[in-house]
Amino acid sequence: ELLDLKVGGNGKVEILTSGGKYVASSDDRNVAVASVTDNTVTVTASNVGETVISVVDVYTCRTAKLRVSVSQADLGNMPTDGLVAYYPFNGNANDLSGNGNHGVPTENVVLATGVNGDENGAYLFGGYYKPGHIYIRNSESLKFVDGATFSVFVKPTSWYAMDGGKSRSYES
């Protein structure tokens, strides 16, 4: 069986037998990883390529294999010339540019409602007293030589400590 995914996407496959205890592994974790909850295997695509996901019933040692093909995400009308990272925040901090610059939210960073009202389409940071960040490991594509342009949506929820520590809500 073949599962086609886009970079940053997820796919779910049901295990047809019940009562087993299953573990999943990927031949190439850079392309996709898998996890098993109850009788559902969830595959998360990270980078363009192909891999095989193996699901093993630990009681019977029966193994099922699933071929996974991951292709570039459709970025619509977005300019892609020189694009090194694209984070739509669609439930995770994966980079959909195809460069593998995926983010890992740290403590005090949680998914929130996005700019267009989409659930899990943004991240809420803990603020002044509970700072957090999204960690992105260094890579060749992030070594800027001639400069860089960043485009972000930011919605402050308070102005605390931005004015010397006077507490005011965003609405004031």
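From a predicted model like this one, the values you see are computed outputs, not experimental measurements.

Quick notes on the rules
Residues numbered from 1 in each chain as written. Predicted model: local features only at pLDDT ≥ 70, side-chain atom pairs only at ≥ 80, totals over all residues. Heavy atoms only, no water. Salt bridge = Lys/Arg side-chain N within 4 Å of Asp/Glu carboxyl O. Buried < 20%, exposed > 50% of the residue type's maximum accessible area, 1.4 Å probe, protein only. Patch = residues over 30% accessible without salt bridge, like charges linked within 9 Å, V, L, I, M, F, W, Y side chains within 5 Å. Areas by Shrake-Rupley, 256 points an atom, 1.4 Å probe, with all protein chains shown as cover. Helix = DSSP H or I, 4+ residues; strand = E, 2+ residues; numbered from the N terminus. Pairing = 2+ DSSP bridges. Axes fitted to C-alpha atoms, helices over the stretch in contact; angles between N-to-C directions.

Asks: Before we move on, can you summarise the pattern of salt bridges with the specific residues and values?
Replies: One pass over the structure, following the stated rule, counts one salt bridge. For K143, the salt bridge identified is with E140, shortest N-O distance 2.9 Å. Judged by its relative accessible area of 62%, E140 is exposed.

Asks: So what's going on with a nonpolar patch on the surface? Residues and values would help.
Replies: Side chains of V23, V58 and Y59 sit close together on the surface and give an oily, nonpolar patch of about 290 Å² of accessible area. Here V58 lies in the loop between β6 (49-57) and β7 (63-71).

Asks: I'd love a proper account of the sheet that holds β6, names of residues and values included.
Replies: One open sheet accounts for four strands, arranged β1-β7-β6-β3; its pairing is mixed. Of all strands in the sheet, those bounded by a partner on one side alone are β1 (2-6) and β3 (22-26). This sheet shows a mean twist of 25° between the axes of neighbouring strands, independent of strand direction. Pairing analysis gives five bridges linking β3 to β6, with the strands arranged antiparallel. Bridged to V23 within β6 is V56.

Asks: Lay out the sheet that holds strand β5 (residues 40-45) in plain terms, naming residues and giving numbers.
Replies: If you trace the three strands from one edge of the open sheet to the other, you get β2-β5-β4, paired in antiparallel fashion. At either margin of the open sheet sits one strand with a lone partner, and together these are β2 (10-14) and β4 (32-37). Averaged over all pairs of adjacent strands, the angle between their axes in this sheet comes to 20°, without regard to strand direction. When β2 meets β5, the two strands line up antiparallel, connected through five bridges. Paired with N10 across the two strands is T44, which belongs to β5.

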